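Working through the structure, step by step
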Amino acid sequence: MRQALTATEFNFPGQTGVYHGKVRDVYSIGDLLVMVATDRISAFDVVLPKGIPFKGQMLNQIAAKFLDASSDICPNWKLATPDPMVTVGVRCASYPVEMIVRAYLCGSAWRAYKSGVREICGVKLPDGMRENEKFPQPIITPTTKAELGLHDEDISKEEIIKQGLVSADEYAVLEKYTLALFARGTEIAAERGLILVDTKYEFGKYDGKIYLIDEIHTPDSSRYFYAEGYQERFEKGEAQKQLSKEFVREWLMDNGFQGKEGQKVPEMTEEIVTGISERYIELFENITGESFDKADTTNISERIEKNVLNYLATR
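What this report covers is the structure whose coordinates are included nearby. (Residues numbered from 1 in each chain as written. Predicted model: local features only at pLDDT ≥ 70, side-chain atom pairs only at ≥ 80, totals over all residues. Heavy atoms only, no water.)

**Considerations on the overall build of the protein chain**
Within the protein chain, the regular secondary structure consists of 8 helices and 17 strands. In terms of overall size, the protein chain behaves like a compact globule, its C-alpha atoms giving a radius of gyration of 19 Å where 315 residues would be expected to give roughly 20 Å. If one aligns the C-alpha atoms of the protein chain with their principal axes, the spans along those axes are about 60 × 50 × 45 Å. By the burial criterion, 50% of the 315 residues in the protein chain qualify as buried. Considering only residue pairs separated by 6 or more positions, the protein chain has 64% of its internal contacts joining residues 24 or more positions apart. Total accessible area computed for the protein chain in this model is approximately 14900 Å², and 47% of it derives from carbon and sulfur atoms. Where the 38 positive side-chain charges of the protein chain centre and where its 49 negative ones centre are 1 Å apart. (Helix = DSSP H or I, 4+ residues; strand = E, 2+ residues; numbered from the N terminus. Rg over C-alpha atoms; globule rule 2.2 N^0.38 Å. Buried < 20%, exposed > 50% of the residue type's maximum accessible area, 1.4 Å probe, protein only. Contact = heavy atoms within 4.5 Å. Areas by Shrake-Rupley, 256 points an atom, 1.4 Å probe, with all protein chains shown as cover. Lys, Arg positive; Asp, Glu negative; His and termini not counted. Charge placed at Lys NZ, Arg CZ, Asp CG, Glu CD.)

Shown next as structure tokens:
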């Protein structure tokens, strides 16, 4: 059975701190961040009890590819990927908001719309829209960044500025970068026969400059539809064929779990875990146009430590 990395406890030379997130473990070394994409998986802001083999590698490699493919739009934090599951980059002071951009009405936005909501994060939505319908142009629906174990909350642009979370001038830059990055991601997806439906971006500041940070255009942060058959399915009111983490959420909902108090995560059988891993590989290969090369999982922690130490020694 393939191993999955669900916890890390590294102690790198010069390490000044560590943050264990839902999926990533981030080690601070002076002005550097060593971000380890683990095989943990979260849904409804809950970390599920089993890791998904190769998930961290896939996320890390997709994010690295898209960071490189968009570095002409805005500066980003990435410096190197010394291991298939690791990105090393510049340590930025992150903004306390996530910039979510949507081109289609689906997922949580559709669930809210179906219940009668006609305004999301200060953006007014017209009546009569259907599930998976394309918006006239992409909309930005930001959220606050919650601490681990808490839920991110929807927030409007006006509220972000009013609360002083981001200044008006800087928010205008975040908005500009968000829409330009989404346009680039949409172009790349279209070349692969996919539709980039929605995604999220996170930004930070380093040396007075705004940087794109964290991951970009991965199945954890984005939703993709297959372009072929989209219109036909939409017209018939059928579910879209999609590549995203939504299938995990749907499996959980079908089994009575939505992250609410008192609800129990359904059993993650070997079959379920393997199925999720295969779906992630499918997305990797579709979105990158490359075959997925599985890294050696014999001793993942040892491999990562060795590769990171080698990289740090060259700096």
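**Thoughts on the sheet that holds strand S1 (residues 17–20)**
Strand pairs in the sheet, formed through backbone hydrogen bonds, run parallel or antiparallel to each other. Across the sheet, which stays open at both edges, the 5 strands sit in the order S1-S2-S3-S7-S6 with antiparallel pairing between neighbours. For this open sheet the edge positions go to S1 and strand S6 (78–83), each flanked by a neighbour on one side alone. If you compare each strand with its neighbour and ignore which way they point, the axes differ by 20 degrees on average. Here strand S2 (residues 24–29) runs beside strand S3 (residues 32–37); their pairing, made up of 6 bridges, is antiparallel. Within the sheet, the bridge partner assigned to Ile29 lies in S3 and is Leu32. Taken strand by strand, helix H1 (residues 55–69) contacts S2, S3, S6 and strand S7 (86–90), and its axis lies near 150 degrees from that of S6. Together, S2, S3, S6 and S7 form the strand contacts of helix H8 (residues 300–314), whose direction differs from that of S6 by roughly 135 degrees. (Pairing = 2+ DSSP bridges. Axes fitted to C-alpha atoms, helices over the stretch in contact; angles between N-to-C directions.)

**Considerations on the pairing of strand S15 (residues 209–213)**
The buried count for S15 comes to 4 of 5 residues, which makes it a mostly enclosed element. Sheet topology note: the strand S14 (residues 194–206)/S15 ladder contains 5 bridges and is antiparallel. Of the residues in S15, the one forming a bridge with Lys205 is Ile210.

**Observations regarding unusual backbone geometry**
Positive phi values are uncommon outside glycine, yet Phe54 reaches one of about 75 degrees. Looking at the element boundaries, Phe54 is found in the loop between strand S5 (46–47) and H1. Phe54 gets classed as buried once you look at its relative accessible area, which sits at 5%. Phi at Asp207 takes a positive value of approximately 55 degrees, unusual for a residue other than glycine. Structurally, Asp207 can be placed in the loop between S14 and S15.

**Notes on the packing of H1 against helix H7 (residues 270–288)**
Relative to each other, H1 and H7 sit at 20 degrees, their axes nearing to 10 Å. Classified by the angle their axes make, H1 and H7 are roughly parallel. Viewed along their axes, H1 and H7 form a crossing whose handedness is left-handed. Mapping the contact onto sequence places Lys55, Met58, Leu59, Gln61, Ile62, Lys65 and Phe66 in H1 and Ser277, Tyr280, Ile281, Leu283, Phe284, Ile287 and Thr288 in H7. Tallied by class, residues from the contact of H1 with H7 come to 9 nonpolar, 3 polar and 2 charged. (Parallel < 35°, antiparallel > 145°, perpendicular 65-115°, else oblique. Left-handed = near helix turned anticlockwise from the far one by under 90°. Nonpolar A, V, L, I, M, F, W, Y, C, P; charged D, E, K, R; others polar.)

**Considering the pattern of salt bridges**
As enumerated under the stated definition, the model contains 19 salt bridges in all. The shortest N-O distance in the salt bridge between Arg118 and Asp127 comes to 2.7 Å. Between Arg223 and Asp198 there is a salt bridge, with the nearest N and O atoms lying 2.9 Å from each other. On the criterion of sequence distance, the pair formed by Arg223 in strand S16 (residues 222–226) and Asp198 in strand S14 is long-range, its members being 25 residues apart. Given a relative accessible area of 8%, Arg223 falls into the buried group. Take Asp198: its relative accessible area is 7%, and that puts it in the buried class. Here the residues in one salt-bridge network are Glu98, Lys145, Lys200, Glu202 and Asp214, joined through shared partners. (Salt bridge = Lys/Arg side-chain N within 4 Å of Asp/Glu carboxyl O.)

**Observations concerning the side chain of Lys55**
Inspection of the secondary structure puts Lys55 in helix H1. Those residues in contact with Lys55, other than ones at most four positions away along the chain, are Val23, Asp39, Arg40, Ile41, Asp220 and Tyr280.

**A look at the pairing of S1**
Two elements, S1 and S2, share 4 bridges in a ladder whose sense is antiparallel. Bridging across to S2, Val18 finds its partner in Tyr27.

**Looking at the packing of aromatic side chains**
Tallied over the full model, the rule gives 12 aromatic pairs. Relative to Tyr211, the ring of Tyr206 has its centre 6.0 Å away and its plane inclined at 85 degrees; by these criteria the two rings are edge-to-face. Residue classification places Tyr211 among the buried residues on the basis of a relative accessible area of 12%. In this structure an aromatic cluster arises from ring pairing among Tyr104, Phe225, Tyr230 and Phe234. For the cation-ring pair, Arg118 lies above Tyr113, with the distance from its terminal atom to the ring centre recorded as 3.7 Å. (Phe/Tyr/Trp six-rings, centres within 6.5 Å; stacked < 30°, edge-to-face > 60°. Lys NZ or Arg CZ within 6 Å of the ring centre and 35° of its normal.)

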